[in-house]
Amino acid sequence: MTGPLLVADDLHLAFGPTRALAGASVEVAPGEVLALLGPSGSGKSTLLHCLAGILTPDRGEVRYRGTRLDDRSDEARSRLRRNDFGFVFQFGSLVPELTALANVALPLQLTGARRRAAEEQARSWLERLGVADVAGKRPGEMSGGQGQRVAVARALIGGPRVVFADEPTGALDSLNGELVMEEFTAAARDQGSSVVLVTHETRVAAYADRSVVLRDGRLTAAPAWA
Amino acid sequence: MTGGIRGPGGRVRRARRALLTRLATRCLVTAMALPQTLLGLLEPAPRHGYDLKREYDARFGEQRPVKSAQVYATLGRLLRDGDITVVGTERVDGPDRTSYALSAEGVTHLERWLAEPEPSTAHLQSEVYVKVVLALRSGRPAEQILDAQRDAHLGVMRGLTARKRGADLPTTLACDFTLFHLEADLRWIEHTAARLHRLAEELS
Amino acid sequence: MNRPGRRGAAVLVVRLALTAVRRSPLPAVAGALVVALGVVVLLAGLSMHPTAQARGAADKAAMAGEFAADGEPGLLIAHSSGSYRDRPITASLVADTAGGGLVPPGLDRVPAPGEVVLSPAMRELWSDPGTTLAQRYPGRDVGTVTRAGLVGPGALVVWIGVDRDRMPETRVVTGFGGAGVADIADMPSELRLAVPLLVIGFLLPLVALFLTVATMGTAARERRLAALRLLGFSARHARLVAALESALVVVPGVVLGCLVFRLAAPVLAPHLPVRGGVWPDHVFFSLPVAAGLLVVLPLLGTAATWWALRRIDVSPLGVVRGAGDRELRRRRLLPLGAGCLALAGSAAAGHGADDVTLAGALLLAAVVLLLVGIVLAAPLLCRVAAQGLGRVLPGIPAQLAAARVRRDATGAARLVTGSALLVFVSGLLLSFFPLLETGNAAGLRALRDTAGGNLLVADVQLLDTAALAELRADPGVSGVARLTQVQISDGAGQGGPLITATDCAELSGVLPALGGCSAGSLLLAPADSDAKAVPLRTDGPLQAVTMVESADGGSLDTVGLGPLTTSEAPRTSEVLGSLDELTGGTIGLVDVSALPAAARPTAAGGTLLVRPAAGSAELERVRTLLTRATSAASVLTVDEQVAEAERTTQTYRDITLAALGCAALVGVLTLTSTLLQQVREHRRALVALWMAGMPRATVRAATLLQSSLVILPVVALSLVLGLATATTYLALADGGATRLPWAAIGVVAAGAAALPLLATALTLPALRTTTHPQLLPD
Ligand SMILES: Nc1ncnc2c1ncn2[C@@H]1O[C@H](COP(=O)(O)OP(=O)(O)O)[C@@H](O)[C@H]1O
Ligand SMILES: [Mg+2]
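Residues numbered from 1 in each chain as written. Chains lettered and ligands numbered in written order. Predicted model: local features only at pLDDT ≥ 70, side-chain atom pairs only at ≥ 80, totals over all residues. Heavy atoms only, no water.

## Remarks on the packing of helix H3 (residues 100–110) of chain A against helix H4 (residues 115–128) of chain A
Residues and elements named next belong to chain A.
Link 1 in the chain: With their axes 8 Å apart at the nearest point, H3 and H4 run at an angle of 125 degrees to one another. Regarding the angle of H3 to H4, the classification is oblique. Crossing hand, H3 versus H4: right-handed. Between H3, through Leu101, Val104, Ala105, Leu108 and Gln109, and H4, the contact on the second element is made entirely by Arg115, Ala118, Glu119, Gln121, Ala122, Arg123, Trp125 and Leu126.
Link 2 in the chain: The residue makeup of the contact of H3 with H4, split by class, is 8 nonpolar, 2 polar and 3 charged. (Axes fitted to C-alpha atoms, helices over the stretch in contact; angles between N-to-C directions. Helix = DSSP H or I, 4+ residues; strand = E, 2+ residues; numbered from the N terminus. Parallel < 35°, antiparallel > 145°, perpendicular 65-115°, else oblique. Left-handed = near helix turned anticlockwise from the far one by under 90°. Contact = heavy atoms within 4.5 Å. Nonpolar A, V, L, I, M, F, W, Y, C, P; charged D, E, K, R; others polar.)

What follows is the structure in structure tokens.
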């Protein structure tokens, strides 16, 4: 498929009086790792949520593989999240009650895989990310770095077309953050998943193929001579 | 901002050069530290000048290899100061090769250098800052200067980060050095960008 | 597009829910236990009516139901009520007229004169000489009353064989049970309206309890659901998981509750504090009802969860609550206002009107509107109270408490809604008590007020002078007096009113409050009293009407009375009036010394009053002596007679109090679990406060204050509304003649206010484990 995989076109979104997005436009190419940079409160997370179909913009449209995403039903968007998207958030967003292994196996099971097969695959993902030893632990019993690696494994296991990562290293020290980013982007590139990476850290953004900067709900103008 | 470039002012050429090259050099041992670096490389075992240049380039000279003449001149100075001694000469189908070794004095100097903290240098009057001020005074979009600078920096950082992928630890750490400095620059850019309005007010 | 296999997803969902329960078993187990307790209470409530019916049927089956004219073969039976240490005894005299083969239920033969047949519980007491029951019901123990003749396993029943000549009863019994027996203890009509209220008062807290349990553990659940939403669960799917989780708590709770009730009820039934205990098989545990509960309660819980989660949007980012306080519109006050209007309308429509249909309908509407109104208005009220008090009260705890209530007024109000409704409903229920007291037991209560409750009263069947002497000499007796009735006439005609004859000296010993009764005195009830409907001229000589027995039957004769001092003493009229209950409406009291010998009381007839010595612990011995002295069927104290007369009322009262008690118990449970849940949910905020240097004591004070901020205004509101409704109702029911039981209502209100505070206090220890720095990162 040629052309952008995911397009946000002139998105506006306000939370009450707060204008979180004010005309944000961005495109994500297939297989591209795109960093959304910007100071906190600039609307990065909001843009990411709009792109992922979690939030619906007040104005503007989001297109995924050429068709609109923002006006689909909750059911349809849930299906997209299940089949096409993966997520890594600052605080894992793992199911607190499940072990690391069960958490990673969950997306496969949700798309109809048998438990045993799903867990086998989950185990290999945990190994790949170097956290095989926490397979039996629950999110509360892992360190931040381990938790994020598990979250990365869970985001990638289903072979999503797009992985949305919101400050994936926000809770980690910089070394751990870099290690996680390295493993994350390498694995995503390996399987050709696009990544939308929200961060305020330039060193993290440097793992992307391309960076765009958000300020006050809008992307900064592309420099004329770039 | 190029103010992050460290090293004695005389050694840093202020002429306009490819930004990437200039930035990348910062992570290298500057020429000023060449004598001490050579002492350090000589410490484990005696070796000759060409050998030293090769190892120096491999370890520190990735972006800007040191010139052979520079090495030999430095070795001559060290020999004169008594920091190294000549331990032998051999000829292997080519020019004569003199092997040097560290003297006791050299060890002392090396240790003193290692123990001494590097003076930090401040470059408030960096070129980018000058550009921003000039742009504001002339009503040009100063923001774009910063954006362009950020883009350039980010490009370099992406390049360095890509280099790190699969690289050995020394390379990784060398790249990290530059990355962290670039990050500091970028922070300055962010802070400046966030307060451009006030800067414009105070300047007018 | 690979849809998740429906079965696979279902299995996954169940597994997730199970894991959640397994991971934090405490709330789940506590929830299930609470549900189980609620189910036990509910089943007990549901089985109350069938059990009462079964007992009624058993009672009825053991009663004489078919009669024949004198002379036909059958049984002569006289039932009487006795009492032993507050346990009622049914003593039945029986005589077989012709050996007709009829045997009372539970007996294998009719006891011959001098024989007794005892129920097992009775035998236990009877054979213990300390109880003196063997002397009270003397005879040879020849058999045991079996199940068919007993209302409960602990019933005290004795059948006493007597000579048919000595039987006071002349109707011949030819059958037991059946249509001939009047329905016993039908509900007084005043209570008809109370029943729905009772049901509401009983069910409200239970429903609140189930809802609380169903929506328990919300914070953790919301996190979990958000995580699942992110993975592609649709909103409906997520709610389904939540509903399933609540079912996972409710269903085991229901099963456990049913099981506990099924197993415990038969064991406990015989020991229930009702007359004779309850036969285990009279406690109905119907499988359909249990199955119904198993369906209805989880459905209720599921619906509650569904509803709770509908109002909030479980988005993949977490739970976005409906805009919170902004939602609290004034609109919420509408039902309350409408209820108040309806109440006022009812009061106005009922004022002085004969037809109270409209007023009654308005009142019912007002009750419903107010119930809804209190629930809806509670959050608003909480917030206003918090705002006001937060400004007035000094100190950090008050500020903190006010801020917390303001932030989540709806959640805060949830704490108090149950109590508020309880106060409202119980205010109404309690207002029925005074209505009941205007009923049939009024005369007895008057007697109790003037004569004291411990006065033993026995109708004299046949006076045993030896036993009487023994009675008088007994140290446990401080006075004995006999009342008999004499017809007197002023000579104008043969007919005349009845007057009570007694030995004034003796009577004054028994009833010191009665003044003016001395040798040769005639005390007449005041002229305006009903008793003096028959005019009697007291200025002329009075005569006593006596029966003269002769060979060809009896004839009436009159004999002149001795010299009399006639007085009409208003001071004693109250006591005199209350004696009516014993003397059956005589016009007054005459000293026995004034009666001519022919009119003196004989061995039979009349009433014997015995005053046990103050604080006498030997009431039962005295009772036995009195029984023997009089051959009386029933020897009861005035207290016991009142209780007997008020049996239905008492039952209503007991049921009401039991229901209120259960509701309170369930309410405290609900509250405690709600509060614990709130503490759990707020614990990060609590830890943050604690880390910021706020002492635990302050956190605790704030927590308590927060509860009181919420509870006091709402309980006060419902108290006022409940009282207003009750007053309106009483005004409709009997024109405002009855006063409200202020004390009882006050106690209920105080309890309702104190219980939540108690519940809060119970959760304070949880704060200690909550304020632990380890909890700060989640
Ligand atoms: N659910 C919300 N309710 C109200 N305001 C919100 C909500 N989410 C975000 N905002 C506001 O929108 C703006 C952008 O937020 P966000 O996208 O989270 O910024 P970023 O991720 O760049 O830090 C901020 O001002 C934030 O306060
Ligand atoms: Mg954010």
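Moving on from the model shown.
## With respect to the site of ligand 1
Residue and element names in this part refer to chain A.
Link 1 in the chain: Within the structure, ligand 1 sits among Phe15, Thr18, Ala20, Pro39, Ser40, Gly41, Ser42, Gly43, Lys44, Ser45 and Thr46.
Link 2 in the chain: Between Ser45 and ligand 1, the recorded distance is 2.5 Å, taken from a side-chain N or O atom to an oxygen atom.
Link 3 in the chain: Protein contact buries 58% of the 560 Å² of open area that ligand 1 shows by itself. (Near = heavy atom within 4 Å. Polar contact = N/O pair within 3.5 Å; in protein donor to acceptor, adjacent residues only side chain to side chain. Areas by Shrake-Rupley, 256 points an atom, 1.4 Å probe, with all protein chains shown as cover.)

## Re the packing of helix H9 (residues 334–350) of chain C against helix H10 (residues 357–392) of chain C
Residues and elements named next belong to chain C.
Link 1 in the chain: Where H9 contacts H10, the two axes come as close as 7 Å, and the packing angle between them is 160 degrees. With respect to their mutual orientation, H9 and H10 come out roughly antiparallel. Relative to H10, the crossing made by H9 is left-handed. Along its contact with H9, which presents Pro335, Leu336, Ala338, Gly339, Cys340, Ala342, Leu343, Gly345, Ser346, Ala349 and Gly350, the element H10 presents Leu358, Ala359, Leu362, Leu363, Ala366, Leu369, Leu370, Val372, Gly373, Ile374, Leu376 and Ala377.
Link 2 in the chain: Split by residue class, the contact of H9 with H10 holds 18 nonpolar, 5 polar and no charged.

## Considering helix H14 (residues 442–451) of chain C
Link 1 in the chain: Along H14(C), the residues classified as buried are Leu444(C), Arg445(C), Leu447(C), Thr450(C) and Ala451(C).
Link 2 in the chain: Positive phi shows up at Gly452(C), right after H14(C), with a value of about 90 degrees. (Buried < 20%, exposed > 50% of the residue type's maximum accessible area, 1.4 Å probe, protein only.)

## As for the nonpolar core
Link 1 in the chain: Residues Val104(A), Trp125(A), Leu126(A), Val150(A), Leu156(A) and Phe184(A) are the most contacted members of the largest nonpolar core, which totals 59 residues.
Link 2 in the chain: The element best represented in this core is helix H7 (residues 142–164) of chain B, accounting for 7 residues.
Link 3 in the chain: If near-sequence neighbours (up to four positions away) are discounted, Leu126(A) is found in contact with Leu101(A), Val104(A), Val131(A), Ala132(A), Ala135(A), Val150(A) and Ala153(A).
Link 4 in the chain: Counting residues in each nonpolar core, the second largest holds 47 residues, with Ile374(C), Ala401(C), Val714(C) and Ala753(C) among its members. (Core = buried A, V, L, I, M, F, W, Y, C linked by side-chain atoms within 4.5 Å.)

## Focus: the interface of chain A and chain C
Link 1 in the chain: Of the residues lining the interface, 28 residues belong to chain A; the matching set on chain C comes to 26 residues.
Link 2 in the chain: Both sides of the chain A and chain C interface together cover about 2600 Å² of buried area, and 61% of this is carbon and sulfur.
Link 3 in the chain: Among the residues chain A hides against chain C, the three largest losses belong to Arg81(A), Glu97(A) and Leu110(A). Together they make up 23% of the total.
Link 4 in the chain: Joining chain A to chain C, the criterion identifies 0 salt bridges.
Link 5 in the chain: Along the contact surface separating chain A from chain C lie 5 residue pairs in polar contact (both at pLDDT 80 or more). (Buried area = accessible area lost by both parts, 1.4 Å probe. Salt bridge = Lys/Arg side-chain N within 4 Å of Asp/Glu carboxyl O.)

## Quick look at the sheet that holds strand S3 (residues 33–37) of chain A
Residue and element names in this part refer to chain A.
Link 1 in the chain: What the 6 strands build is an open sheet, ordered S6-S7-S8-S3-S9-S10; its pairing is mixed. The sheet is open, and its two edges are formed by strand S6 (85–88) and strand S10 (218–219), each paired on a single side.
Link 2 in the chain: Relative to strand S9 (residues 210–215), S3 runs parallel, the two being bridged by 4 bridges. Bridge pairing in S9 links Leu36 to Val212. (Pairing = 2+ DSSP bridges.)

## Some details on the interface of chain A and chain B
How big an interface is tends to be stated in terms of the accessible area lost upon association of its parts.
Link 1 in the chain: Chain A puts 20 residues into the contact, and the matching count from chain B is 19 residues.
Link 2 in the chain: With both sides pooled, the region where chain A packs onto chain B buries about 1700 Å², and carbon together with sulfur makes up 56% of that total.
Link 3 in the chain: On the chain A side of the contact with chain B, Thr202(A), Arg203(A) and Arg215(A) bury the most area, a combined 30% of that side's loss.
Link 4 in the chain: Where chain A touches chain B, the interface holds 3 salt bridges.
Link 5 in the chain: Residue Glu190(B) pairs with Arg215(A) through a salt bridge whose shortest N-O separation is 3.9 Å.
Link 6 in the chain: Summed over the shared surface of chain A and chain B, the number is 4 residue pairs in polar contact (both at pLDDT 80 or more).
Link 7 in the chain: Every element with two or more residues in the side of chain A that touches chain B is listed here: helix H6 (174–190), helix H7 (202–205) and S9 of chain A.
Link 8 in the chain: If you tally residues by element for the side of chain A that touches chain B, the top one is S9(A), at 4 residues.
Link 9 in the chain: Here the residues of the side of chain A that touches chain B are counted per class, giving 10 nonpolar, 4 polar and 6 charged.

## Some remarks on the environment of Ala702(C)
All names here are of chain C.
Link 1 in the chain: Positionally, Ala702 belongs in helix H22 (residues 696–734).
Link 2 in the chain: We classify Ala702 as buried; its relative accessible area is 0%.
Link 3 in the chain: It is 5.1 Å that separates the C-alpha atoms of Ala702 and Ala401, two residues lying 301 residues apart in sequence.
Link 4 in the chain: In this structure Ala702 touches Pro397, Leu400, Ala401 and Arg404, once residues within four positions along its chain are discounted.

## Observations concerning the sheet that holds strand S2 (residues 18–28) of chain A
Residue and element names in this part refer to chain A.
Link 1 in the chain: Taken together, the 4 strands give an open sheet; going across it, the order is S2-S1-S4-S5, and neighbouring strands pair in antiparallel fashion. Edge positions in the sheet fall to S2 and strand S5 (67–68), since each has one partner strand and no second.
Link 2 in the chain: Packed onto the sheet, helix H1 (residues 44–51) meets strand S1 (6–15), S2 and strand S4 (59–64) and runs at close to 125 degrees relative to S1.

## Comments concerning H4(A)
Residue and element names in this part refer to chain A.
Link 1 in the chain: Here H4 is 14 residues long and its end C-alpha atoms lie 20 Å apart, about the 20 Å a rise of 1.5 Å per residue gives.
Link 2 in the chain: All of the buried residues along H4 are Ala118, Glu119, Ala122, Trp125 and Leu126. The buried residues of H4 all sit within an arc of 115 degrees when viewed along its axis, so they share a single face. The outward face of H4, more than 90 degrees from its buried face, is lined by the exposed residues Arg116, Glu120 and Glu127. (Expected span 1.5 Å × (residues − 1). Arc of directions from axis to C-beta.)

## Digging into the environment of Val87(B)
All names here are of chain B.
Link 1 in the chain: With respect to the helices, strands and loops of the structure, Val87 is situated in strand S2 (residues 84–91).
Link 2 in the chain: Residue class for Val87 comes out partly exposed when judged on its relative accessible area of 48%.
Link 3 in the chain: When the C-alpha atoms of Val87 and Tyr100 are compared, they prove to be 5.5 Å apart, with 13 residues separating the residues in sequence.
Link 4 in the chain: Ignoring any residue separated from it by four or fewer positions in sequence, one finds Val87 in contact with Pro46, Ser99, Tyr100 and Ala101.

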